[in-house]
Amino acid sequence: MDPKVNGQIQTEWGWLVAIYLFLGGVGGGAYTIAAVNGFMGEGLALSTRVGLWIGFPALLIGSLFLLADLGSPMRAVLAGMKPASSWIARGFWIITVFMILAFLHLVLYLYTDIGGTVLDVIAGAGIVFAVLTMAYTGILLGASKGIPFWRTGVVPVVFVVSAVVTGHFTIMLGMTLFGEVAVMGTSLRTMALEAAILVALEVLVILFFLQAAFKLPDPRESAERILRRRSFVVGYFILGLAVPFVLMLVVYGSLAQDGAGISLPLVAVGALLGLVGGLILRQSVLVCGALPTLNIAGFQFRRIARPKERKPSMGMLPPQ
Amino acid sequence: MPRWGMVIDLKRCYGCYACVMACKVANHSPPGVFWARILKGESGSFPNTVRQALPVLCMQCDEPSCMEVCPTGATQQTDDGIVIVEQDKCMGCKYCIMACPYGARYSVEKWESYFPDGLPLSPYEEFAKRAWEEKSGCGVATKCDFCRDRIAEGREPACVEACPADARIFGDLADPNSEVSILIKQNRGEVLHPELGNKPKVYYLAPR
Amino acid sequence: MTAATQNRIEEDVWIPTCCGQCYCMCGIKVRRQNGVVTEIAGNPDAPSGRGHTCVKALASPHLLYDPYRVNYPLKRTNPEKGLGVDPKFVRISWEEALDTIVHKLEACREKDPRGAYFQATTTQASEIRFGVIGFMKGFGTPNYWVSGGGLHCGNGAHFMNGIMHAAWSIIPDFAHCNYALNFGCSKGHGAGHVAVQNATQAADARARGFKNIVFDPFQSAQASKGHEWVPIRVGTDGALALGLINSLLNEHGIYDAEYLMYKTNAPYLIRPSDGRYMRDKETNKPLVWDLVDNGPKAHNDPSVTRVEYEDVAHEVALLGSYPVDGVECRPAFDLLKEHVKKYTPEYVEQVTWVPAATVSRIAKEFGEAAEIGSTVTIQTSKGPKKIPKRPVATHFFRGTQGHVNSGWTCLSVDLVNHMVGAADTWGGAFGLGAAVGSGYEGTGKPYQIPYPCPDGLMVAKTWVYDHVPYPMRVPKPPTRLDLHDMFPTSIYNAFTITSPRWMELLERFKIPYKPDVMINFGSNSVMTMGNAEAVTENFLKQFNFIFSFQLYITEFEEAVADIVLPDACFLERYTPAVSFPSTFSHPQGEDDWGWSIRQPVVEPLYERRDFNVVMLDICKRLGILGKYYKGLNDSIGIRYGGEMDEKYKLVEDGSVEHSWEDVCDRMLKDRFGEEHGLEHVRQKGVFTWPKKKEDVYWKWFNPVRVPVYFEYFIDSGEQIAKLWDDFGGQDFFDLDWSRFKALADWYPCPTHTETKSEYDMHAFYWRAVMHCNSMTQQNPYLDEMSQEDPYVYAVQMHQDTAAEKGLSDGDHVWLENPEGHRVKGWVALTDGIEPHHLAIAAVAGHWGNYMPIAKGKGTFFNDLVEMDLPHTDPLTFNQDICVRVKIYKAN
Ligand SMILES: Nc1nc2c(c(=O)[nH]1)N[C@H]1C(S)=C(S)[C@@H](COP(=O)(O)OP(=O)(O)OC[C@H]3O[C@@H](n4cnc5c(=O)[nH]c(N)nc54)[C@H](O)[C@@H]3O)O[C@H]1N2
Ligand SMILES: Nc1nc2c(c(=O)[nH]1)N[C@H]1C(S)=C(S)[C@@H](COP(=O)(O)OP(=O)(O)OC[C@H]3O[C@@H](n4cnc5c(=O)[nH]c(N)nc54)[C@H](O)[C@@H]3O)O[C@H]1N2
Ligand code: SF4
Ligand code: SF4
Ligand code: SF4
Ligand code: SF4
Ligand code: SF4
Ligand SMILES: [Mo]
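Residues numbered from 1 in each chain as written. Chains lettered and ligands numbered in written order. Predicted model: local features only at pLDDT ≥ 70, side-chain atom pairs only at ≥ 80, totals over all residues. Heavy atoms only, no water.

S.K.: Give me the overall build of chain C: which residues, what numbers.
M.R.: A count of helices and strands for chain C gives 29 helices and 33 strands. What you see for chain C is a C-alpha radius of gyration of 27 Å, in line with the 29 Å of a compact globule of 891 residues. The dimensions of chain C, computed from C-alpha atoms along their principal axes, are 80 × 70 × 65 Å. Looking at the 891 residues of chain C, the share that counts as buried comes to 72%. Across chain C, the fraction of contacts at a sequence separation of at least 24, relative to all contacts at a separation of at least 6, is 73%. Counting every atom, chain C has about 25,300 Å² of accessible surface; 51% of that belongs to carbon and sulfur. With 88 positive and 112 negative side-chain charges, chain C shows a separation of 2 Å between the mean positions of the two kinds. (Helix = DSSP H or I, 4+ residues; strand = E, 2+ residues; numbered from the N terminus. Rg over C-alpha atoms; globule rule 2.2 N^0.38 Å. Buried < 20%, exposed > 50% of the residue type's maximum accessible area, 1.4 Å probe, protein only. Contact = heavy atoms within 4.5 Å. Areas by Shrake-Rupley, 256 points an atom, 1.4 Å probe, with all protein chains shown as cover. Lys, Arg positive; Asp, Glu negative; His and termini not counted. Charge placed at Lys NZ, Arg CZ, Asp CG, Glu CD.)

Following this line, the structure appears as structure tokens:
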């Protein structure tokens with residue numbers, strides 16, 4: 001068979017699910033960072049506030065996108081019936097709990113002066129569920145026996161790292177919008193450095209993911225596809241990783257210790273690109289999910305995907 | 001209690017698509033849905049090339065990964081080992097589709113006509129639409145159910161009845177003396193992707 | 001079906017009838033729920049299919065209800081005709097339609113009734129025997145052909161198999177054959193005359209270790225299921241077959257002397273002077289040489305004939321030279337044996353690209369598997385009888401015969417069987433469909449036992465069309481528009497009627513009338529005959545008025561039809577005989593005889609009307625009912641195994657008006673007795689009775705011989721040549737009569753002699769299981785199935801060849817033949833095709849606007865098929881359907 005003939009790919013999960021996974025990651029990532037910073041004390045108050053502001057809504061909106069993707073949204077209430085075996089059911093509970101915690105945390109942190117242990121407990125639990133949420137977005141795919149590309153074991157790692165990165169970038173973006181330069185200069189500077197390091201980490205993880213995929217015949221099909229996608233190579237790898245990486249270093253380098261002379265647009269652009277990249281990553285991984293070849297008696301059977309003719313045109317009906 | 005299973009004799013099968021069509025008509029499935037499907041493979045290089053057809057359908061796994069991932073419990077296993085989707089429990093998340101290594105599941109947003117849009121449905125398509133929406137449904141996962149309605153009536157699955165080469169044999173795996181059990185034993189029947197641990201109940205006999 | 005639906009269903013019935021989407025005539029059961037056809041399955045009562053069908057039958061609800069079906073009579077309002085012309089059809093009433101038609105036919109009859117020309121589709125073969133044949137007799141025109149014409153199935157194959165097996169085609173006795181050579185046919189693997197039953201038989205055979213060696217340029221279904229695939233160059237099967245014969249006779253010394261002595265004309269003594277039989281002075285009978293009495297004997301002298309295997313007779317000479325009346329004569333076999341010496345394995349390799357070693361190996365395997373000398377005992381109606389067991393067979397069809405060497409190639413391939421005695425006996429090559437039968441015991445009909453001519457050669461008792469392949473008709477000055485009467489070896493010929501000089505030709509041959517009214521039943525000849533331009537411009541546009549019974553407005557109707565009549569499809573009508581005439585598509589082997597009928601599953605929808613009902617109406621309006629009935633009576637007598645009893649004959653003076661149901665009823669009662677009329681047969685959709693074993697393995701129960709030396713071709717050729725020259729035919733075509741000779745040879749096709757190097761690819765055609773010729777691509781189920789398949793809509797090409805030409809999978813390409821005709825397609829790359837070949841499936845590539853599902857799918861191969869003399873077999877006038885092309889990217 002001609003190698004250029006593509007095996008069939010899954011077509012059921014597209015943008016909607018990608019956005020759901022993306023926002024899940026962003027929410028989880030942002031909240032984690034916020035909460036962690038929260039423990040670290042006052043200096044980072046701004047980033048914490050922004051992070052908390054993002055966590056809950058991101059999850060909420062994300063869930064709506066999943067709902068929109070359901071064939072029978074009316075039955076979404078049943079989504080949690082089988083947590084014992086199904087990751088969607090588990091995700092349902094994880095996200096629900098996480099949303100409640102994130103919401104509580106936000107309200108308590110912003111509108112009450114309840115603090116101390118109560119808040120710490122909530123934050124602690126929140127972090128756990130935030131991390132679970134991030135992991136879930138990857139494990140969901142990792143548990144799909146039908147798509148070998150997702151099952152190489154690396155996808156959850158990729159998604160967690162990307163979740164932290166995107167969460168991080170969201171916070172930076174938020175800060176550039178809400179905060180007063182003076183206050184946050186220093187924090188932004190360190191965050192830029194952190195961002196650069198995280199992005200570098202994501203690059204490593206992605207490269208590892210792809211080479212792992214190339215090792216096996218079925219995932220290879222997907223890996224080849226993903227590398228043939230301009231949106232992935234340019235949109236994600238270059239604009240979504242390389243460019244932000246450079247920008248963040250520039251921001252870091254161009255700033256005096258006290259954070260004077262910060263260029264907010266530079267931060268914003270870097271963060272924004274990083275976010276778009278994160279979304280593209282998830283969408284690419286989804287739509288490049290090739291079905292496994294079926295092998296028997298020395299034959300490899302692939303569901304061949306040749307362009308199907310569109311629905312027939314009306315043509316002409318015989319006079320009635 | 002029987003454990004329904006199928007044997008597909010690749011030596012007999014000549015890739016004629018009768019099973020595919022029989023399934024489509026028996027279940028009135030809309031365009032793009034192939035509960036029964038034929039894959040065509042080729043091996044060896046000229047002049048020692050051989051082509052072979054591989055009929056696939058839901059393998060009615062004993063350990064169905066589709067059921068495992070189903071969050072609502074819509075996907076279930078009947079006592080006689082058939083994996084089914086309970087329409088009114090399915091929320092259409094399509095996770096099961098991602099989880100089936102055999103590509104046996106399909107979901108359609110809405111029933112579609114085979115003819116250009118804007119034409120009135122023919123009486124046959126009216127019927128097909130109704131039958132599909134009642135039995136299988138839209139916005140939910142659908143799959144081969146081993147024609148359990150027909151089995152209940154004592155008929156064979158449509159694809160089995162249709163096969164001109166008698167390449168598909170349906171029967172009770174629980175009964176060691178059933179034709180399927182004997183064929184599997186005598187001809188070393190294989191399943192697809194045994195390493196995945198789904199324990200399929202559709203067995204294949206070697207093509208040559 | 002859920003309970004909910006069931007409750008709503010008042011009616012739920014299964015109606016047994018017969019499929020009609022190709023001519024295999026499989027029995028089907030159709031499910032009708034509340035008046036709607038919802039499901040189709042095989043009919044276990046029908047021997048043809050035995051409960052199975054192919055994918056096309058199962059998809060047929062969409063044929064019945066297709067919104068693009070023609071539902072009302074239509075009239076062309078645009079006087080202009082031709083490809084790409086908008087016919088501007090408008091709906092008219094049946095009254096207006098029939099008035100116009102009858103008016104035109106009356107005018108035609110005034111001038112000369114022979115101006116009426118009937119064209120019909122093969123796929124509705126069983127309907128043709130009535131409406132078409134009856135009308136021709138009744139109206140008085142000899143002009144008729146089934147579509148496909150020159151490249152129609154029959155020209156080479158039917159004719160030659162008629163001579164050798166009294167049958168339409170040949171096929172292995174799947175139940176007992178161990179080793180078969182498949183030359184270019186899909187029998188048992190998707191196509192052929194009894195496709196579904198053969199598929200079951202072939203699968204059973206595979207399961208018990210039957211070996212099918214398949215010669216095919218690509219990995220066809222049969223090749224992929226075969227024991228061995230031997231890629232062969234198109235059009236060279238004749239050379240290969242003769243090579244096998246040479247290898248058998250001269251290399252391995254294997255042949256069945258017994259068979260050749262008593263069942264063929266191999267021992268007939270041949271005069272050296274003119275290659276004719278040496279005949280007895282008084283009786284004029286051909287002579288054989290009695291090796292016991294050491295002298296000449298008449299071919300049917302009891303001392304040298306064996307009818308049954310256990311009869312005893314003297315041996316006769318197959319080899320050597322013997323003096324008769326002072327002339328040294330040699331047995332025909334001796335001449336054949338010497339004649340084939342030139343087909344050495346090396347020569348064969350050169351021509352066919354099959355390695356020399358393979359040729360002689362396969363010949364050896366075949367010869368050994370024949371188990372010459374072995375016998376089996378079967379239970380006949382006259383007790384147990386011993387017959388030869390010969391579990392080997394060659395079989396062939398479209399692919400092999402569709403070439404300019406058609407006639408001799410068909411004979412050569414079958415002669416291989418006759419060398420080892422593997423013809424119409426246990427395990428060997430059977431005539432397809434079962435041609436020999438002593439009839440239903442109640443009535444002795446249909447009776448179809450071949451009998452010997454005075455020279456001892458086999459004459460078929462029944463045949464599907466008037467002229468039986470043997471004895472050969474005497475060439476007559478032509479009266480038909482295609483000059484058919486003067487060409488006894490051809491069934492249809494296209495090169496005359498599609499010639500730009502057709503009208504001149506008619507004048508030259510003193511044909512006193514011109515084409516006037518064409519009646520088309522079904523066929524889409526614009527697509528199925530060859531190059532569409534030539535067919536339309538030179539042939540179809542010569543008619544003043546064309547009306548067409550159709551299901552769709554096909555390319556034919558768009559281009560040339562003046563009136564289109566909405567026909568009922570096979571699910572909406574009666575047909576009294578479908579699987580019979582049995583030399584057509586009839587089940588093979590020991591299973592019962594089955595006489596299938598069609599009955600309406602639903603009344604014709606809209607204003608559709610059954611062709612045969614309308615023909616009765618037209619004949620009534622023309623006032624020729626009586627003659628029409630006579631035509632039917634005669635046709636039934638000739639084709640269905642026996643004259644109609646007076647009691648059931650349609651009343652020929654026209655005093656009684658027979659409804660179509662009445663015609664069906666009478667025919668059935670006449671064949672099977674008063675109690676087995678239409679009402680009875682409707683119950684199961686088929687009437688069955690047991691087959692006698694001596695009818696299945698009939699060879700050694702019948703005195704006939706078959707030729708291995710075609711002595712009478714010589715006379716025939718001389719007669720035709722003389723007639724041709726008398727008329728000055730050579731001014732039009734310089735026909736080569738040298739092929740009218742006694743011994744088989746292979747002749748190259750234009751594809752083999754092409755000199756322009758850029759035309760480096762051999763394009764050829766194959767049948768996909770989900771399509772029947774041009775008619776099924778409009779069925780959306782089958783269209784989707786075709787798109788599921790990697791090859792059906794593609795041009796298959798070897799990936800290395802593609803790489804050389806810089807083509808990659810899915811590329812759109814042009815194929816262009818040396819005459820400059822080109823067609824578009826896309827390539828599917830594979831290793832499963834001989835690297836110099838391109839394979840194209842189905843008569844696809846529709847462009848008609850009224851078949852939107854079919855439109856633009858696949859490749860219109862036939863536009864590359866030329867219908868001129870160089871692409872025609874001078875012996876059978878079969879057209880060549882292999883083409884040299886150059887292939888290049890389309891952008
Ligand atoms: N390239 C190539 N061309 C070939 C062949 C080949 O092998 N290669 N095969 C040749 C052979 S063997 C043959 S027999 C010819 C066949 O040539 P055709 O006889 O033209 O066969 P089809 O293309 O099937 O056309 C059948 C037509 O009949 C119509 N039809 C179907 N059912 C009915 C019915 O019930 N009533 C009426 N009124 N119409 C109906 C369909 O709409 C369709 O238009 O093709 C020949 N053409
Ligand atoms: N599914 C289906 N069934 C049909 C029909 C149909 O259109 N579709 N048509 C019906 C009709 S009208 C007819 S006549 C019969 C025909 O029945 P078949 O004769 O069995 O039909 P084909 O499939 O055309 O057989 C041609 C085969 O020969 C190969 N071939 C082509 N050229 C050559 C050659 O030069 N040499 C050799 N050795 N092989 C060659 C082709 O690749 C193909 O595999 O089928 C009937 N049944
Ligand atoms: S119907 Fe039978 S022979 Fe045909 S493709 Fe299906 S399994 Fe194979
Ligand atoms: S084949 Fe797929 S759908 Fe069928 S039971 Fe197994 S996993 Fe589930
Ligand atoms: S689509 Fe339906 S059956 Fe499939 S996993 Fe989701 S809920 Fe379960
Ligand atoms: S068993 Fe029934 S549902 Fe399953 S593939 Fe066969 S026909 Fe289709
Ligand atoms: S082979 Fe021909 S007659 Fe038989 S079911 Fe298929 S289309 Fe109908
Ligand atoms: Mo044909």
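S.K.: Run through the interface of chain C and chain B, naming residues and quoting values.
M.R.: The partner chain B presents 53 residues to the 65 residues of chain C that form the contact. Here chain C packs against chain B, burying approximately 4,800 Å² in sum over the two surfaces, 59% of which is carbon and sulfur. Here chain C and chain B share six salt bridges between them. The shortest N-O distance in the salt bridge between C:Glu39 and B:Arg155 comes to 3.9 Å. There are 28 residue pairs in polar contact (both at pLDDT 80 or more) connecting chain C and chain B. (Buried area = accessible area lost by both parts, 1.4 Å probe. Salt bridge = Lys/Arg side-chain N within 4 Å of Asp/Glu carboxyl O. Polar contact = N/O pair within 3.5 Å; in protein donor to acceptor, adjacent residues only side chain to side chain.)

S.K.: Residues and numbers for the environment of C:Val795, please.
M.R.: Residue and element names in this part refer to chain C. Assignment of secondary structure puts valine 795 in strand β29 (residues 795-798). Put simply, valine 795 and leucine 829 are 34 residues apart on the chain and 8.4 Å apart in space, counted from C-alpha to C-alpha. Each residue touching valine 795, except ones within four places of it in the same chain, is listed here: Leu815, Gly825, Trp826, Val827, Ala828, Leu838, Ala839, Ile840 and Thr859.

S.K.: Please give an account of the site of ligand 2 that cites residues and values.
M.R.: Residues and elements named next belong to chain C. With respect to spatial proximity, 34 residues lie near ligand 2, and among them Ser186, Asp216, Gly235, Asp237 and His771 are the closest. Between an oxygen atom of ligand 2 and a side-chain N or O atom of aspartate 216, the distance comes to 2.8 Å. Within the contact set of ligand 2, an oxygen atom lies 2.8 Å away from a backbone nitrogen or oxygen of arginine 398. Alone, ligand 2 offers 910 Å² of accessible surface; in the complex the protein occludes 98% of this. At the level of secondary structure, the elements contributing two or more residues to the shell around ligand 2 comprise α14 (398-401) and β28 (761-766). With three residues, the top contributor of residues to the shell around ligand 2 is β28. (Near = heavy atom within 4 Å.)

S.K.: Talk me through the site of ligand 7; I want residue IDs and the actual numbers.
M.R.: Neighbouring ligand 7 are the residues C:Cys19, C:Gln21, C:Cys22, C:Cys24, C:Met25, C:Cys26, C:Cys54, C:Lys56, C:Ala57 and C:Val196. Here the shell around ligand 7 is composed, by residue class, of eight nonpolar, one polar and one charged. (Nonpolar A, V, L, I, M, F, W, Y, C, P; charged D, E, K, R; others polar.)

S.K.: Report on the sheet that holds strand β12 (residues 269-270) of chain C, specifying residues and quantitative values.
M.R.: Adjacent strands of a sheet pair through backbone hydrogen bonds, lying either parallel or antiparallel. All names here are of chain C. Reading across from one edge, β12-β16-β15 is the order of the three strands in this open sheet, with antiparallel pairing throughout. Every interior strand has two partners, whereas the edge strands, β12 and β15 (322-324), have only one. Relative to strand β16 (residues 327-331), β15 runs antiparallel, the two being bridged by three bridges. Bridge pairing in β16 places valine 324 opposite valine 327. The strands touched by helix α11 (residues 332-339) within the sheet are β12 and β16, with β16 carrying the most contacts at an inclination of about 70°. (Pairing = 2+ DSSP bridges. Axes fitted to C-alpha atoms, helices over the stretch in contact; angles between N-to-C directions.)

S.K.: Can you break down the side chain of C:His846 residue by residue, with the values?
M.R.: Residues and elements named next belong to chain C. Along the chain, histidine 846 turns up in the loop between β32 (837-841) and β33 (883-889). We classify histidine 846 as buried; its relative accessible area is 2%. Reaching out from histidine 846, the side chain makes a polar contact with the side chain of glutamate 555 at a distance of 2.9 Å. Among the polar contacts listed, one links the side chain of histidine 846 to the backbone oxygen of serine 774, at a separation of 2.8 Å.

S.K.: Can you explain the state of the cysteines? Please cite residues and give values.
M.R.: Residue and element names in this part refer to chain C. Tallied over the full model, the rule gives zero disulfides over all chains. Here cysteine 108 is not disulfide-linked; the sulfur of cysteine 619 is the nearest cysteine sulfur, at 13 Å. Free of any disulfide, cysteine 749 has its nearest cysteine sulfur in cysteine 882, 4.1 Å distant. Note on cysteine 749: relative accessible area 1%, which makes it buried. (Disulfide = S-S within 2.5 Å.)

S.K.: Describe the sheet that holds β29(C), with residues and values.
M.R.: All names here are of chain C. Sheet architecture is closed into a barrel: six strands sit in the order β28-β32-β29-β31-β30-β33, paired in mixed fashion. Taking each pair of neighbouring strands and ignoring which way they run, the sheet shows an average axis angle of 45°. Across five bridges, the pairing between β28 and β32 is parallel. When the sheet's bridge partners are listed, histidine 762 is paired in β32 with histidine 837.

S.K.: An account of the environment of A:Thr166 is requested, with residue identities and associated values reported.
M.R.: Residues and elements named next belong to chain A. Looking at where threonine 166 falls in the secondary structure, it is placed in helix α5 (residues 155-178). For threonine 166, a relative accessible area of 1% translates into the label buried. Placed 11 residues apart in sequence, threonine 166 and valine 155 show a C-alpha to C-alpha distance of 16 Å. Setting aside residues up to four positions removed in sequence, threonine 166 forms contacts with Phe22, Gly25, Val26, Gly274, Leu275 and Gly278.

S.K.: Lay out the packing of aromatic side chains with the relevant residues and their values.
M.R.: Taken as a whole, this structure holds 73 aromatic pairs over all chains when the rule is applied. Aromatic pair C:Tyr117 and C:Phe543: ring centres 5.4 Å apart, planes at 80°, arrangement edge-to-face. With a gap of 426 residues between them, C:Tyr117 in strand β6 (residues 116-120) and C:Phe543 in the loop between α19 (532-539) and β24 (545-550) connect regions that are remote in the sequence. Taking the relative accessible area as the measure of exposure, C:Tyr117 reaches 1% and is therefore buried. Note on C:Phe543: relative accessible area 4%, which makes it buried. Pairwise contacts between aromatic rings join C:Phe130, C:Tyr440, C:Phe580, C:Trp593, C:Trp595, C:Tyr640, C:Trp660, C:Phe672, C:Phe687 and C:Trp689 into one cluster. Positioned over the ring face of C:Tyr791 is B:Arg51, at 3.8 Å from the centre of the ring. A cation over a ring is seen here: C:Lys691 above C:Trp593, with NZ or CZ 4.8 Å from the ring centre. (Phe/Tyr/Trp six-rings, centres within 6.5 Å; stacked < 30°, edge-to-face > 60°. Lys NZ or Arg CZ within 6 Å of the ring centre and 35° of its normal.)

S.K.: Give a detailed account of the pairing of β29(C), specifying residues and quantitative values.
M.R.: Moving residue by residue along a regular strand, the side chains alternate between the two faces of the sheet. Residue and element names in this part refer to chain C. Along β29, one buried face is formed by Val795 and Met797 and the opposite face, lined by Gln796 and His798, is buried too. The pairing of β29 with strand β31 (residues 822-830) spans four bridges and is parallel. For histidine 798, the partnering residue across the bridge sits in β31 and is threonine 830.

S.K.: Go over the confidence of the model for chain C with me, naming the residues and quoting the values.
M.R.: Residue and element names in this part refer to chain C. In the predicted model, chain C carries a mean pLDDT of 95, and 99% of its residues have values of at least 70. Long-range and interchain partners of residues 1-7, a stretch whose pLDDT sits below 50, account for 10 contacts in this model, where long-range means more than four residues apart. Under the prediction, the complex receives an ipTM of 0.95, its pTM being 0.96. (pLDDT = per-residue confidence, 0-100.)

S.K.: Could you give me a rundown of the pattern of salt bridges, with the residues and numbers involved?
M.R.: Any two side chains of opposite charge can pair, on the condition that their charged atoms come close. By the definition in use, this model includes 77 salt bridges over all chains. Its salt-bridge partner being C:Arg390, residue C:Asp256 comes within 2.8 Å of it at the nearest N-O pair. Here C:Asp256, found in the loop between α9 (237-251) and α10 (257-263), pairs with C:Arg390, found in the loop between β18 (383-388) and β19 (392-396); they are 134 residues apart in sequence, far enough to count as distant. Among the residues examined, C:Asp256 registers a relative accessible area of 3% and is labelled buried. Notably, a salt bridge pairs C:Lys364 with C:Glu368, separated by 2.9 Å at the nearest N-O pair. Here C:Glu368 and C:Lys364 lie together in helix α13 (residues 356-369), a separation of four residues that amounts to about one turn. Among the residues examined, C:Lys364 registers a relative accessible area of 38% and is labelled partly exposed. Each of B:Arg150, B:Glu153, B:Arg155, B:Glu161, C:Asp12, C:Arg31 and C:Glu39 takes part in one network of salt bridges that share partners.

S.K.: Any chance you could break down the pairing of β33(C) for me, citing the residues and the numbers?
M.R.: Residue and element names in this part refer to chain C. Relative to β33, β28 is paired through three bridges, and the arrangement is antiparallel. By the bridge assignment for β33, methionine 761 is matched with valine 885. As judged from the four bridges shared by strand β30 (residues 812-816) and β33, these two strands associate in the antiparallel manner. Its bridge partner being in β33, leucine 815 is matched across the sheet by isoleucine 887.

S.K.: Describe in detail unusual backbone geometry, supporting the description with residues and values.
M.R.: Each neighbour pair has its own omega, and for C:Lys445 with C:Pro446 the value is -10°, a cis peptide bond. Position of C:Pro446 among the secondary structure elements: in the loop between β20 (429-432) and β21 (451-452). Of note, the amide linkage connecting C:Tyr470 to C:Pro471 takes the cis form, showing an omega dihedral of -5°. Of note, C:Pro471 is situated in the loop between β22 (458-459) and α16 (494-497). Even without being a glycine, B:Arg188 presents a positive backbone phi close to 45°. Relative to the elements of secondary structure, B:Arg188 occurs in the loop between α7 (179-186) and β9 (202-205). Although it is not a glycine, C:Asp325 adopts a positive phi angle of roughly 45°.

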